[in-house]
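Descriptive structure summary
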Amino acid sequence: MVFQKPPDGGWGWVIVVVSFFTQFLCYGSPLAVGVLYLEWLDAFGEGKGKTAWVGSLANGIGLLASPVCSICVSSFGARPIAIFSGFMVAGGLMMSSFAPNIYFLYLSYGIVVGLGCGLLYTATVTITCHYFDKRRGLALGLISTGSSVGLFIYAALQRELIDLYGLDGCLLIVGALSLNILACGSLMRPLESSDSPSPEKACVDKVSDQYFVYHEKEKTVEENISILEKGYIDEKCVNNVPDYKQDSILNKNVLTSINVNEKDTYKKKVVEQTNFCKQLAKRKWQLYLNYWEETVVLFKNKVFSALFVAILLFDIGGFPPSLLMEDVARSANISEDDYHVPLISIIGIMTAVGKLTLGILADFKWINTLYLYVSTLIMTGVALFAIPFAKSYLTLAMLSGILGFLTGNWSIFPYVTTKTVGIEKLTHAYGILMFFAGLGNSLGPPIVGWFYDWTQEYGTAFYFSGFCVLLGGFLLLLAALPCWNACTNQSSKLPPNTYSYKVASSA
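Source: prediction; values computed, not measured.

The helix and strand inventory of the chain stands at 22 helices and 0 strands. Within the chain, the fraction of its 507 residues that count as buried is 45%. A fraction of 84% describes how many contacts in the chain between residues 6 or more apart in sequence connect residues 24 or more apart. Surface accessibility of the chain: about 25700 Å² in total, with carbon and sulfur atoms responsible for 66%.

Set out below in structure tokens:
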């Protein structure tokens, strides 16, 4: 398949619009699941830790399955995967309206909806990258705000739908809205050229594979020559036989030669397929070895190792507020008359602002993106420590806005990863980091919920969350200090293919 040069416009802007609405429709409900969380607590009467698993799975399973999602999009294309995932998200939401218990929600809302969102995220990012090159950063920034806008709108929408139609009716309507993903996915026209590769080029591409079976072919040719010689000798013997017997003998020889040719052809195919499978297995095994060798090299980079710990701890501690902030307000006995805008909506809109603002700051050459990212982690930890002291709606709204803005550091995380490991290792490193981010998303809310179940108050839970985020930030700051580079240069040279942050972040 031959792709055209990215047009950086044209139909690409249609792709940006439909990708924006795709992320808006698929991530709106999972990110605003805090509104549903309160209803599920009342409906099923389970503990906060057990109930929090529903929302954490919906947001974490897509990141955990990111390698599988990438393989699916690469194999089938963005448009088929987007349409299929639209059915998954809509079906999972509608199935959740009939959930008899919390365990059914783990499957319908947590896994089905979460996996559908992961597939849609990969599809939208992939198709956008195909259509944009010079304006790729702008295009990806625009579509990434779709999830934040979805969080802002769906938080108020789901609350209103629950008041009008109940929890089951809300999930049915939200699931029906998600069917619009099918229309968006149908517009994700793949960027391909109509010209297929020439047969000569196809043959040249397959030379390496055919070379492995070349010797087997030589053996087959020798066997064919011996068979022909044997047939010639048989023919001479037939000439000495009386005429009335020659016809029957010739018929037998013809049948025999046909059987020999069929057996020889079958043998040839078996040999070729067996040899091809052996070579394919060798190459796959070599790819796995190379992957693990590159992984080991990545973790020899102290900044990358600290970054992996930081992203894990950040998602364990920083993600729960978006899920539990509504319950925090209810636990603080805040009156509904003072409740002007849902706290989750404030987090959503400020996350969009944070993504754009921090992304713009990261483009300035005089700003070190790693230190910028570390500063967001430290400020997030301080804000989490302040949540237990907030006793009014205004204070919680201010903290929600601060946490939402700082959560926008997701927009600069790819910058930090690129500066740490280099552009040629970005895909490998980012896949590893996203896996651990998904693990943190999945574990964070249940852990905070369990703390509440044990202590019957959110103070200890958010102290734990703030400690996790601060610990990750300080470890990353310590690993990035310039003094380490001086010590490393004096003691020994860096291993090949590893980067010190002083060199990698000089841009």
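Attention shifts here to the packing of helix H15 (residues 343-362) against helix H17 (residues 393-407). Where H15 meets H17, the closest approach of the two axes is 6 Å, and the angle between their N-to-C directions is 35°. Relative to H17, the crossing made by H15 is right-handed. Residue-level inspection shows Leu343, Ile346, Ile347, Met350, Thr351, Val353, Gly354, Thr357 and Leu358 of H15 in contact with H17, the latter providing Tyr393, Leu396, Ala397, Ser400, Gly401, Gly404, Phe405 and Thr407. Tallied by class, residues from the contact of H15 with H17 come to 10 nonpolar, 7 polar and no charged.

As a further point, take unusual backbone geometry. In this model, Gln456 sits at a positive phi of 60°, which is unusual for a non-glycine residue. Its location among the elements puts Gln456 in the loop between helix H19 (426-455) and helix H20 (459-479).

Two measures describe an aromatic ring pair: the distance that separates the ring centres and the angle between the ring planes. If you walk through the whole model with that rule in mind, you get 16 aromatic pairs. Look at Phe389 and Tyr463: their rings are 6.4 Å apart centre to centre, the planes differ by 50°, and that puts the pair in the tilted class. Residue Phe389 is found in the loop between helix H16 (369-386) and H17, and its partner Tyr463 is found in helix H20; the two are separated by 74 residues along the sequence. On the accessibility criterion, Phe389 (61% relative accessible area) is exposed. Tyr463 sits in the partly exposed class, given a relative accessible area of 34%.

Quick look at the nonpolar core now. Membership of the largest hydrophobic core comes to 118 residues, with the highest contact counts inside it found for Leu36, Tyr109, Tyr373, Tyr458 and Leu476. A total of 12 residues in this core trace back to one element, the largest contributor, which is helix H6 (residues 102-131). Mapped onto the domain boundaries, this core takes at least three residues apiece from domain 1 (1-191) and domain 2 (273-484).

Let's shift gears to a nonpolar patch on the surface. Together, Phe152, Ile153, Val341 and Ile349 give the surface a local cluster of nonpolar side chains, amounting to about 280 Å² of exposed area. Here Ile153 lies in helix H7 (residues 136-178).

Time to look at the environment of Val73. Residue placement: Val73 occurs in helix H4 (residues 66-76). The buried category is assigned to Val73, whose relative accessible area is 6%. For Val73 and Thr124, which are 51 residues apart along the polypeptide, the C-alpha to C-alpha distance reads 9.8 Å. Discounting residues that sit within four places of it in the chain, Val73 has contacts with Ala78, Ile81, Leu119, Thr122, Ala123 and Thr126.

Before going further, it helps to examine the environment of Leu142. Inspection of the secondary structure puts Leu142 in helix H7. Taking the C-alpha atoms as reference, Leu142 lies 8.9 Å from Leu356; in sequence the two are 214 residues apart. Among residues more than four places away in sequence, those in contact with Leu142 are Trp13, Val16 and Phe20.

Moving on to the pattern of salt bridges. According to the stated counting rule, one finds 5 salt bridges in the structure shown. Its salt-bridge partner being Arg330, residue Asp42 comes within 3.4 Å of it at the nearest N-O pair. Separated by 288 residues along the polypeptide, Asp42 in helix H2 (residues 33-44) and Arg330 in helix H14 (residues 320-331) bring together distant segments of the chain. What makes Asp42 exposed here is its relative accessible area of 54%. The structure contains a network of salt bridges with shared partners spanning Asp42, Lys48, Asp327 and Arg330.

Glancing now at the confidence of the model for the chain. For the chain, the average pLDDT comes to 77, and 75% of its residues sit at 70 or higher. Contacts for the low-pLDDT stretch residues 194-242, under 50 throughout, to residues beyond four places or in other chains number 24 contacts.

Compared with the 27 Å implied by 1.5 Å per residue over 19 residues, the 26 Å span of helix H5 (residues 78-96) between its first and last C-alpha is a close match. Of the residues making up H5, those classed as buried are Ala78, Ile81, Ala82, Ser85, Gly86, Met88, Val89, Ala90, Gly92, Leu93 and Ser96.

As a further point, take the side chain of Thr420. Among the structural elements, Thr420 can be located in helix H18 (residues 413-421). Relative accessible area serves as the criterion here: at 1%, Thr420 is assigned to the buried category. Only 2.7 Å separates the side chain of Thr420 from the backbone oxygen of Val416, close enough to count as a polar contact.

All right, on to the side chain of Ser345 then. By secondary structure assignment, the location of Ser345 is in helix H15. A relative accessible area of 1% places Ser345 in the buried class. Only 2.9 Å separates the side chain of Ser345 from the backbone oxygen of Phe152, close enough to count as a polar contact.

Let's shift gears to the packing of helix H13 (residues 302-318) against H18. For the pair H13 and H18, the least separation of the axes is 10 Å and the interaxial angle reads 155°. Of the possible angle classes, the one that applies to H13 and H18 is roughly antiparallel. Considering the relative orientation of H13 and H18, their crossing is left-handed. Within the contact between the two elements, H13 uses Val303, Phe304, Leu307 and Ile311 and H18 uses Phe413, Val416, Thr417, Thr420 and Val421. Per-class residue counts for the contact of H13 with H18 are 7 nonpolar, 2 polar and no charged.

Structurally, the position occupied by Phe308 is in helix H13. In this structure Phe308 comes out as buried when scored by relative accessible area, which is 18%. Each C-alpha atom, one on Phe308 and one on Leu476, is 9.1 Å from the other, the two residues being 168 residues apart in sequence. Not counting the four nearest positions on each side in its chain, Phe308 is found in contact with Phe299, Leu433 and Phe436.

What counts, and at which threshold
Along each chain, residue indices are assigned from 1 in the same order as the chain's sequence is written. Per-residue local features of the predicted model are confined to residues with pLDDT of at least 70, and side-chain atom pairs are confined, for both listing and counting, to 80 or more; whole-chain, interface and lining totals are unaffected and use all residues. Each side-chain value is derived from all of the structure's non-hydrogen atoms; neither hydrogens nor water enter the calculation. Put simply, DSSP H or I for four residues or longer makes a helix, DSSP E for two residues or longer makes a strand, and each gets a number counted from the N terminus. Burial classes: relative accessible area under 20% of the type maximum marks a residue as buried, over 50% as exposed, and values in between as partly exposed (1.4 Å probe, protein chains only). In this description, contact between two residues means that some pair of their heavy atoms is separated by no more than 4.5 Å. The method behind every accessible area is Shrake-Rupley, applied with a 1.4 Å probe, and residues are considered shielded solely by the protein chains displayed. Axis lines are fitted through C-alpha atoms, for helices just across the contact stretch, and the angle between N-to-C directions can take any value from 0 to 180 degrees. Note on convention: the crossing is left-handed when the near helix lies turned anticlockwise from the far helix by less than a right angle, right-handed when the turn is clockwise. Lys, Arg, Asp and Glu make up the charged group, whereas Ala, Val, Leu, Ile, Met, Phe, Trp, Tyr, Cys and Pro make up the nonpolar group; the residues left over, Gly among them, are polar. Any two rings among Phe, Tyr and Trp, with Trp reduced to its six-membered ring, count as a pair given centres within 6.5 Å; such a pair is stacked if its planes are under 30 degrees apart, edge-to-face if over 60, and tilted if neither. Residues enter a nonpolar core if they are buried and are Ala, Val, Leu, Ile, Met, Phe, Trp, Tyr or Cys, with the set joined through side-chain atoms within 4.5 Å. The domain limits used here are those given by an automatic or database domain assignment. To count toward a patch, a residue needs a relative accessible area over 30% and no salt bridge; like charges are then connected within 9 Å, while nonpolar side chains (Val, Leu, Ile, Met, Phe, Trp, Tyr) are connected within 5 Å. We count a salt bridge whenever a side-chain nitrogen from Lys or Arg sits within 4 Å of a carboxyl oxygen from Asp or Glu. Scored from 0 to 100, pLDDT records how confident the predictor is in each individual residue. By definition here, a helix of n residues has an expected span of 1.5 Å times n minus one. Counting of polar contacts relies on pairs of N or O atoms within 3.5 Å, with two restrictions inside protein: one atom must be capable of donating a hydrogen and the other of accepting it, and residues adjacent in sequence are counted only when both atoms are side-chain atoms. Orientation is classified from the angle alone, with under 35 degrees giving roughly parallel, over 145 giving roughly antiparallel, 65 to 115 giving roughly perpendicular, and any other angle giving oblique.

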